[in-house]
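Structure at a glance
The primary structure of each chain is shown beneath.
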Amino acid sequence: MIDFAFFAEIIPTLLSGLPLTLQLAGLSIGIGFALALLLALAQQGNHRMLVWPIRSFVAVFRGTPLLVQIFLIYYGLGQFRPTLQAVGLWWLFREPYWCAIIALSLNTAAYGSEILRGAIQGVPGGLVEAASALGLKRLQTLRLVVLPLALRQAIPSYSNEIILMVKGTSLASIVTLMEVTGIAQGLISQTYRAVEVFVAAGAIYLTINFTIISALNALETWLTPYRVRA
Amino acid sequence: MTDTLHILSVGKGGWGGALLLAAGVTFALSVLGFLLGALFGAVAAGGRLSTRALPSWVAKGYGTVFRGVPDLLTIYLLYYGGSIALTEIGKFFGSTGFFGLPTFATGVLAIGIISGAYQAEVYRGAYLAVDLGQFEAGKALGLSRFQLLRLVIVPQLMRHALPGLGNVWQLVLKDSALISVIGLVELMRQSQIGAGSMREPFVFYIAAATLYFLIAAVTGSVFRYGEARAWRGMVHA
């Protein structure tokens, strides 16, 4: 019943989309994390002029579908071509690649900033006091005490976000990018064998996500050697 | 600006009515998908909690696959796979045409399958959070297994499950936009149609984003109200 020869034929083709999938995921997770950290730290100060716009950004990007965000950035901003050309940003919004990266990064930055905000607030106040008693400056306290603890604390939630992003890259196929899902669609229009192609593509995503989960679990175990291992 | 208002107006020549109607389709699709997901999720949670190997493995596999594979792929797989199966059945009975699955029902099924995988984890966690003494007390009162679940466990389990279910609901609402790829005219698809025919993509996608945001905000407050109600009279940290 299962045609293994067909799988052997399509899997290399699907895998040719893997570099793009990994690129989209890697770049947007990286940019998104940097942004998320900035946003989370900016909210620690409780300056209303700073916190309010960030909260709105987070609410908007968490409250609307990623697909709408991608369309808004790619097709929606494309409408303002003359303006974008005038400010020299057209090269960015002309390319579906960069539009996908921008949408994915902003989306994950919104979710990530909430995770990191919670993790930073979860660091016991006594540790910060102890650090200042030891004569550490604010930036040193942040770099040496607060961030390492907060980031370790955030690993489980952040691993969920990373997996959601890997899955989110499949939406890039809708703005014509030929990553794994895009190639899968192309294969289907050639072969009309939707089930086999999607099962093979699904297996590729599962493998990526399984690898990421295992790596992050290992990282967490390594960073918390004192925890009893069940 | 007046142009924009005209495009989005509800009256003649405006797209407002069509967008609101499509938002209604999105809402109906999400609610039905979420409810179907509750059924799948409850069954899968039961499987995960079972001490027998087979149900436990099946439930675990279901959760791993549908939480690990992009939702877009699941939707394509169901739609194309189902349509191909339907067409083959048609061929068997001597038809030559292509049969597409009904898009609304396929959308509900897809959202049900995906959200069920997430809901299963929510229900499992909530079940484990119910105090063991409650099970013992129920047994001591002579309740049957079904009565114990319906009268004692589920009402208490919902307290713990509601926040997680609220998250899954938000996920479902946003996932419903993906159903546009199989041609169902819900909010996302209607905005695409409007954006294409009026050549005003920005206006239409901003309008769509606003409507999604409003639905998410309003329904989110319903969940918060439900949570407050579920905990009424209880002291909790």
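One numbering rule holds for all chains: residues counted from 1, following each sequence as written. Chains carry letters and ligands carry numbers; both start at the beginning, A for chains and 1 for ligands, and go up in the order they are written. In view of the model being predicted, local features appear only for residues whose pLDDT reaches at least 70, and side-chain atom pairs are presented and counted only at 80 or more, with totals across whole chains, interfaces and linings using the full set of residues. Side-chain metrics in this entry use all non-hydrogen atoms of the structure; hydrogen atoms and water are not considered.

1. Side note on the UniProt feature "domain: ABC transmembrane type-1" (unreviewed entry) in chain B
UniProt positions are given in the numbering used here, feature names are shortened, and annotations may be inferred rather than shown by experiment. Under the feature "domain: ABC transmembrane type-1" (unreviewed entry), the UniProt entry names residues 19-223 of chain B. Note on conventions: DSSP H or I runs of at least 4 residues are helices, E runs of at least 2 residues are strands, and numbering of each starts at the N terminus. Between the first and last C-alpha atoms of residues 19-223 of chain B the distance is 25 Å; the span itself is 83% helix and 0% strand.

2. Quick look at empty space enclosed by the protein
Residues and elements named next belong to chain B. Cavities and pockets are defined on a 1 Å grid built over the protein atoms alone: a cavity is a set of grid points where a 1.4 Å probe fits but cannot escape, while a pocket is an open set with protein on both sides within 12 Å along at least five of seven lines, and lining residues are those with an atom within 4 Å of any such point. Grid points are joined across faces, edges and corners, and a volume is the space filled by probe spheres set on the points. Scanning the model with the defined rule gives 2 cavities of 30 Å³ or more in all. Here the largest cavity is characterised by a volume of approximately 40 Å³. If you go around the largest cavity, the residues you meet are I111, I114, S115, Y118, L171, V172 and D175. Listed by contribution, the elements that provide at least two residues to the lining of the largest cavity are α5 (103-129) and α7 (145-175). Take the lining of the largest cavity: its biggest share by element is 4 residues, from α5. Split into classes, the residues belonging to the lining of the largest cavity amount to 5 nonpolar, 1 polar and 1 charged. Counted as a void, the second largest cavity has a volume near 30 Å³. In terms of lining, the second largest cavity is formed by A44, R48, A59, Y62, G63, A117, A120 and E121. Broken down by secondary-structure element, the contributors of at least two residues to the lining of the second largest cavity are α2 (16-49), α3 (53-68) and α5. Gly falls in the polar group here, along with every residue not listed as nonpolar (Ala, Val, Leu, Ile, Met, Phe, Trp, Tyr, Cys, Pro) or charged (Asp, Glu, Lys, Arg). Its residues placed into classes, the lining of the second largest cavity shows 5 nonpolar, 1 polar and 2 charged.

3. Here's the deal with the packing of aromatic side chains
Pairs were defined over the aromatic rings of Phe, Tyr and Trp, the Trp ring being its six-membered one, requiring ring centres within 6.5 Å. Orientation was assigned from the angle between planes: stacked under 30 degrees, edge-to-face over 60, tilted for the rest. A full pass over the atoms with the stated rule returns 18 aromatic pairs over all chains. Each ring, one from F198 of chain A and one from Y80 of chain B, has its centre 6.2 Å from the other, and the planes form 20°; the classification is stacked. In this pair, F198 of chain A sits in helix α11 (residues 194-223) while Y80 of chain B sits in helix α4 (residues 71-92), so the two residues belong to two different chains. For F198 of chain A, a relative accessible area of 3% puts it in the buried group. Since its relative accessible area comes to 30%, Y80 of chain B is described here as partly exposed. An aromatic cluster of at least three residues, connected via ring pairs, comprises F71, Y74 and Y75 of chain A together with Y205 of chain B. A ring has a charge above it when a Lys NZ or an Arg CZ is no more than 6 Å from the ring centre and no more than 35 degrees off the ring normal. In this structure, R193 of chain A packs its charged tip against the face of F6 of chain A, placed 3.9 Å from the ring centre. Burial classes follow relative accessibility: with a 1.4 Å probe on protein chains only, a residue under 20% of its type's maximum area counts as buried, one over 50% as exposed, and anything between as partly exposed.

4. What about the UniProt feature "transmembrane region" (unreviewed entry) in chain B?
Residue and element names in this part refer to chain B. Residues annotated in UniProt with the feature "transmembrane region" (unreviewed entry) correspond here to residues 20-45, 57-79, 99-118 and 202-223. Here residues 99-118 runs as 80% helix and 0% strand, with 31 Å between its end C-alpha atoms. Across residues 202-223, helical content stands at 100% and strand content at 0%; the span's end C-alpha atoms are separated by 31 Å.

5. Quick notes on the interface of chain B and chain A
With 34 residues of chain B at the contact, the number on the chain A side is 34 residues. Across the interface of chain B and chain A, roughly 2800 Å² is buried in total on both sides, 79% from carbon and sulfur atoms. Accessible-area loss on putting two parts together, using a 1.4 Å probe and summing over both, is the definition of buried area adopted here. Of all residues in chain B, L73, K174 and F202 of chain B bury the most surface against chain A, accounting for 21% of the area lost on that side. For this document, the term salt bridge refers to a Lys or Arg side-chain nitrogen within 4 Å of an Asp or Glu carboxyl oxygen. Counting across the chain B and chain A interface gives 1 salt bridge. The partner of K167 of chain A in a salt bridge is D71 of chain B, and the shortest N-O contact between them spans 3.8 Å. Definition of a polar contact: a pair of N or O atoms within 3.5 Å, with one able to donate and the other able to accept a hydrogen when the atoms are protein atoms, and with sequence-neighbouring residues admitted only if both atoms are side-chain atoms. Counting every contact that joins chain B to chain A gives 8 residue pairs in polar contact (both at pLDDT 80 or more). Looking at the side of chain B that touches chain A, the elements that each hand over two or more residues are α3, α4, α8 (187-198) and α9 (201-230) of chain B. Top contributing element to the side of chain B that touches chain A by residue count: α9 of chain B, with 9 residues. Here the side of chain B that touches chain A is composed, by residue class, of 24 nonpolar, 5 polar and 5 charged. Whether two residues are in contact is decided by their heavy atoms: any pair within 4.5 Å suffices.

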